Amino acid sequence: MVKPAAYICLMRISEELALDFDILSPKVTANTRFAIIENVKKAIQISDTSVVVDAGRFYVSFKGQNFKVGELMEGRMELAGNIQSMEFFRPLD
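First things first, this report covers the structure right here in the doc.

Here's the deal with unusual backbone geometry
And step 1. Positive phi, normally seen in glycine, also occurs at Asn-39, with a value near 70°.
And step 2. As for its placement among the helices and strands, Asn-39 is situated in the loop between β2 (34–38) and β3 (42–46).
And step 3. We classify Asn-39 as buried; its relative accessible area is 16%.
And step 4. The backbone phi angle of Glu-74 is positive, close to 50°, even though this residue is not glycine.
And step 5. Within the secondary structure, Glu-74 is located in the loop between β5 (59–73) and β6 (76–89).
And step 6. Exposure remark for Glu-74: the relative accessible area of 77% places this residue in the exposed category.

Listed below in structure tokens is the structure:
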């Protein structure tokens, strides 16, 4: 049975809203020059070539060059530089 398009659209919106209010998962908006990471609990490592943050359920790692942290407050980090890769991973227990 095929579901009506309006129903499918509502499911996607409701799922997106649930993710927007999930404070235990990282949210990242990024391109090759700039990233905004939300739900940051603490910075694990900051250097000019690597940044790792604890963002609740996952750590988020950035590799690149010329990193500069523009803001780190209230669970939000702004990162500028030449971003070459980004990785989500769980910390070892």
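Structure's up, so let's keep going.
Quick look at the sheet that holds β6
And step 1. Strand order in the open sheet formed by six strands is β1-β2-β6-β5-β4-β3, and the pairing between neighbours is antiparallel. With partners counted over all chains shown, the strands left at the sheet margins are β1 (27–30) and β3, one partner each. Adjacent strand axes in the sheet meet at a mean angle of 40° when their direction is disregarded.
And step 2. One ladder, built from five bridges, connects strand β4 (residues 50–54) with β5; its direction is antiparallel. Counterpart to Val-51 in the pairing with β5 is Phe-62.

Some thoughts on the nonpolar core
And step 1. Counting twelve residues, the largest nonpolar core is built from Ala-35, Ile-37, Val-40, Val-51, Val-53, Ala-55, Val-60, Phe-62, Phe-67, Met-77, Leu-79 and Ile-83.
And step 2. Looking at this core, the elements that each hand over two or more residues are β2, β4, β5 and β6.
And step 3. The residues contacting Ile-83, other than those within four sequence positions of it, are Asn-31, Thr-32, Arg-33, Phe-34, Ala-35, Phe-62, Lys-63 and Phe-67.

What about the pattern of salt bridges?
And step 1. The final tally for this structure, using the stated rule, is two salt bridges.
And step 2. For the salt bridge of Glu-71 with Arg-76, the shortest nitrogen-to-oxygen distance reads 3.6 Å.
And step 3. The class of Arg-76 is partly exposed, set by a relative accessible area of 28%.
And step 4. Glu-78 is the salt-bridge partner of Arg-76, the closest N and O atoms lying 3.2 Å from each other.

Concerning the environment of Thr-49
And step 1. Tracing the chain through its elements places Thr-49 in the loop between β3 and β4.
And step 2. In this view, Thr-49 contacts Phe-62, Lys-63, Gly-64 and Phe-67; residues no more than four positions away in its chain are not counted.

A look at the environment of Lys-41
And step 1. Take Lys-41: it is sitting in the loop between β2 and β3.
And step 2. As for Lys-41 and Arg-76, which are separated by 35 residues in sequence, their C-alpha atoms are 8.8 Å apart.

A word on the side chain of Ser-61
And step 1. Looking at where Ser-61 falls in the secondary structure, it is placed in strand β5.
And step 2. Classification of Ser-61 by relative accessible area gives buried; the value is 6%.
And step 3. Leave out the neighbours within four places in its chain, and Ser-61 touches Val-51, Val-52, Ser-85, Met-86, Glu-87 and Phe-89.

Criteria and cut-off values
Residue indices begin from 1 for each chain and proceed along its sequence in written order. At least 70 in pLDDT is required for a residue's local features to be given in this predicted model, at least 80 for side-chain atom pairs to be given and counted, and no such filter applies to totals for whole chains, interfaces and linings, which use all residues. To get the side-chain values, all heavy atoms of the structure are used, and hydrogens and water are removed first. A run of H or I in DSSP counts as a helix once it spans at least four residues, and a run of E counts as a strand once it spans at least two, with each numbered from the N terminus. Exposure categories follow from relative accessible area, calculated using a 1.4 Å probe and restricted to protein chains: below 20% of the type maximum is buried, above 50% is exposed, and the middle band is partly exposed. DSSP calls a pair of strands paired once it identifies at least 2 bridges connecting them. Note on method: axes are straight lines fitted to C-alpha atoms, helices fitted across the in-contact stretch only, with angles between N-to-C directions ranging 0 to 180 degrees. We call a set of buried residues a nonpolar core when its members are Ala, Val, Leu, Ile, Met, Phe, Trp, Tyr or Cys and they connect through side-chain atoms within 4.5 Å of each other. In what follows, a contact means two residues having at least one pair of non-hydrogen atoms within 4.5 Å. Salt bridge, as applied in this entry: a Lys or Arg side-chain nitrogen positioned within 4 Å of an Asp or Glu carboxyl oxygen.

Nothing here speaks to function; it is geometry throughout.
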